[in-house]
Amino acid sequence: MSAEVLAEVRAATPTVWRNPARRDTPAPAGLTLSDVQEADALLRRFAPYLAATFPGPWFEGPNGVEEGVIDSPLTRAPAVRTDLGVEGEVWLKRDDVLPISGSIKARGGIYEVLTLAERLALAAGWAGGDPRRGDHREFGGAELRDLLSRHTVAVGSTGNLGLSIGLMARALGFSAVIHMSAEAREWKKDLLRRLGTRVVEYPGDYGLAVATGRAQARADPGTHFVDDESSPTLFLGYAVAGLRLVDQLEAVSLLPTRANPLHVHLPCGVGGGPGGIVHGLHLALRARGHDTRHLHCWYAEPVAAPCMLLALATGRGAVVSVQDYGLDGVTLADGLAVGRASDLAWSTTAGRVAGAVTVRDDVLLPLLRRLDAAEGVRLEPSALAGLAGMLVLRERGLGDEPGARHLAWATGGSMVPATEMGRWLSA
Ligand SMILES: *Cc1c(COP(=O)(O)O)cnc(C)c1O
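Residues numbered from 1 in each chain as written. Predicted model: local features only at pLDDT ≥ 70, side-chain atom pairs only at ≥ 80, totals over all residues. Heavy atoms only, no water.

1. Observations regarding unusual backbone geometry
Part 1 of the argument: The peptide bond linking G56 to P57 adopts the cis configuration, its omega dihedral lying at 0°.
Part 2 of the argument: Mapped onto the elements, P57 comes out in the loop between α2 (33-53) and β2 (59-61).
Part 3 of the argument: Phi is positive for A12, which is not a glycine, with a value near 55°.
Part 4 of the argument: With respect to the element layout, A12 can be found in the loop between α1 (3-10) and β1 (16-18).
Part 5 of the argument: Positive phi, normally seen in glycine, also occurs at I100, with a value near 75°.
Part 6 of the argument: Within the element layout of this structure, I100 appears in the loop between β5 (90-94) and α4 (105-123).
Part 7 of the argument: Judged by relative accessible area, which is 14%, I100 ranks as buried. (Helix = DSSP H or I, 4+ residues; strand = E, 2+ residues; numbered from the N terminus. Buried < 20%, exposed > 50% of the residue type's maximum accessible area, 1.4 Å probe, protein only.)

2. What to know about the nonpolar core
Part 1 of the argument: With 146 residues, the main nonpolar core has L50, F139, L172 and F174 as its most contacted residues.
Part 2 of the argument: Lining this core are residues from two domains, each supplying at least three of them: domain 1 (3-101 + 233-426) and domain 2 (105-228).
Part 3 of the argument: Residue contacts for F139: discarding those within four places in its chain leaves F46, Y49, A117, E118, A121, W126, L144, R145, L148 and L172. (Core = buried A, V, L, I, M, F, W, Y, C linked by side-chain atoms within 4.5 Å. Domains from an automatic or database assignment. Contact = heavy atoms within 4.5 Å.)

3. So, the environment of Q248
Part 1 of the argument: Among the secondary structure elements, Q248 is positioned in helix α9 (residues 232-251).
Part 2 of the argument: Setting aside residues up to four positions removed in sequence, Q248 forms contacts with F59, P62, S72, P73, L74 and K93.

4. Quick notes on the sheet that holds strand β13 (residues 405-410)
Part 1 of the argument: Read from one edge of the open sheet, seven strands run β1-β12-β11-β10-β13-β5-β4, paired in mixed fashion. Two strands bound the open sheet, and with one partner strand each, they are β1 and β4 (74-76). If you compare each strand with its neighbour and ignore which way they point, the axes differ by 20° on average.
Part 2 of the argument: For β5 and β13, the ladder comprises five bridges, and the chain directions are parallel. Bridge pairing links L92 to A408 in β13. (Pairing = 2+ DSSP bridges. Axes fitted to C-alpha atoms, helices over the stretch in contact; angles between N-to-C directions.)

5. A look at the site of the ligand
Part 1 of the argument: Taken together, 15 residues sit near the ligand, with K105, N160, G271, G273 and T411 positioned nearest.
Part 2 of the argument: Measuring from an oxygen atom of the ligand, one finds a backbone N or O atom of G269 at 2.8 Å.
Part 3 of the argument: Contacts to the ligand include G271, whose backbone N or O atom sits 2.7 Å from an oxygen atom.
Part 4 of the argument: Considering the ligand on its own, with 380 Å² of exposed area, one finds that the protein chains cover 99% of that surface.
Part 5 of the argument: Counting residues per element, the shell around the ligand draws most heavily on helix α10 (residues 272-287), at three residues.
Part 6 of the argument: Among the residues making up the shell around the ligand, the classes are represented as five nonpolar, eight polar and two charged. (Near = heavy atom within 4 Å. Polar contact = N/O pair within 3.5 Å; in protein donor to acceptor, adjacent residues only side chain to side chain. Areas by Shrake-Rupley, 256 points an atom, 1.4 Å probe, with all protein chains shown as cover. Nonpolar A, V, L, I, M, F, W, Y, C, P; charged D, E, K, R; others polar.)

6. Describing the domain arrangement of the chain
Part 1 of the argument: Its domain assignment divides the chain into domain 1 (3-101 + 233-426) and domain 2 (105-228).
Part 2 of the argument: In this structure, domain 1 and domain 2 have C-alpha centres spaced 24 Å apart.
Part 3 of the argument: With 41 residues of domain 1 at the interface, the matching set in domain 2 holds 35 residues.
Part 4 of the argument: Interface area, domain 1 with domain 2, both sides summed: about 3,300 Å², of which 65% is carbon and sulfur.
Part 5 of the argument: Counting every contact that joins domain 1 to domain 2 gives seven salt bridges.
Part 6 of the argument: A salt bridge links D71 to R107, with the shortest nitrogen-to-oxygen separation between them at 2.8 Å.
Part 7 of the argument: Where domain 1 meets domain 2, there are eight residue pairs in polar contact (both at pLDDT 80 or more).
Part 8 of the argument: Counting only elements with at least two residues in the side of domain 1 that touches domain 2, the list comes to α2, α9 and α15 (418-426).
Part 9 of the argument: Here the residues of the side of domain 1 that touches domain 2 are counted per class, giving 25 nonpolar, nine polar and seven charged. (Buried area = accessible area lost by both parts, 1.4 Å probe. Salt bridge = Lys/Arg side-chain N within 4 Å of Asp/Glu carboxyl O.)

7. Points about the packing of α9 against α10
Part 1 of the argument: Packing of α9 against α10 leaves a shortest axis separation of 6 Å and a crossing angle of 50°. The orientation of α9 relative to α10 falls into the category oblique. For the pair α9 and α10, the sense of crossing is right-handed. Contacts between α9 and α10 pair F235, Y238, A239, A241, G242, L243, L245, V246 and L249 from the former with G272, G273, G275, G276, I277, H279, G280, L281, A284 and L285 from the latter. (Parallel < 35°, antiparallel > 145°, perpendicular 65-115°, else oblique. Left-handed = near helix turned anticlockwise from the far one by under 90°.)

8. Focus on the side chain of S231
Part 1 of the argument: Structurally, S231 can be placed in the loop between β9 (223-226) and α9.
Part 2 of the argument: With relative accessibility at 9%, the residue S231 sits in the buried group.
Part 3 of the argument: Side-chain polar atoms of S231 contact the backbone nitrogen of L234, separated by 3.0 Å.
Part 4 of the argument: Not counting the four nearest positions on each side in its chain, S231 is found in contact with E112 and L344.

As structure tokens, then:
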């Protein structure tokens, strides 16, 4: 890490770390293209069950409405482009309206719970035992719910992962225990309690909630712990987004080319969500013969919690924490308030990302209001880190090459209660 980046990290001012070592490495075992395709296939097997269990609206993509498919539209944001004075086209990937739980966490969290449900059902001799022919709508029936009710799903979370997993686990009949870190919002805890989830609160940061949850689950064979710091299953669920995004990019002629490089701006906490997307997108683009050198993926983090930047820049992964650099990890971007990166996410994407950028908290609410005014899109503060990162890059002359286009991942928002959103809009 250069002395300049180090000084900016320690001073908690915006900084950009550019990756000096981009290279196309083979996918690790268990995270290959066919693994991501299998994850996609499992999600599609459950689509009829999900469509019957949760109200829509469902994903409308290049092939029309796909009932039960957990994905989000890719939309152009011309007004915000003008408003922010950005050179190239700006697009939003609208995970804020993702079905079921309204954030990027729906992708990985729900996938891991569904994987567990199918595995337990098959092991118990579920009559629809051939997963290609079994009717997954049976997961809504008493027999399978009764089976799953004998198992517990647990997770440590800053909020949205707990929400996604609690919603899905309880719908399937599982017991659920959510270990919530201090910054998790009250309304998320209240909603989970109403669903019959046990919510355990921690005074400290997210790392403590994960470590405690993991240790408790290890002592109980009936509990499955969804490990946000290291689960390949969770990571594969996120990677499906990258796979499917290629079709969307194709449909609107946004594929990265020499003439039109594509910059993707990803709000990053522990790194599983954005890392999975980076991974899946690279695998899928390469499989279709596209040149990934013109794809530039940037992790965007709060200045107080740049755990992925530190993991990448030091090359030491989850060994380093933001506290080691004198930062407290306290941020308005609650979904990104993480002290250590996921080893799986940083190591899998270290050769692929363009870099990492940090953003100040005090730009998030003004951006939230501008995006609402310009496009009528209401995001939670964490979800604005991508757009904020794009602006920091621009100040440094990055991402404004002729023909460059920008895709900011809008990672959450539609579940936020109106009162809370109202406070942010009028703050
Ligand atoms: C969790 C979260 C992220 C980042 O995902 P990680 O897997 O923690 O990196 C981004 N935005 C929102 C709204 C989130 O809840």
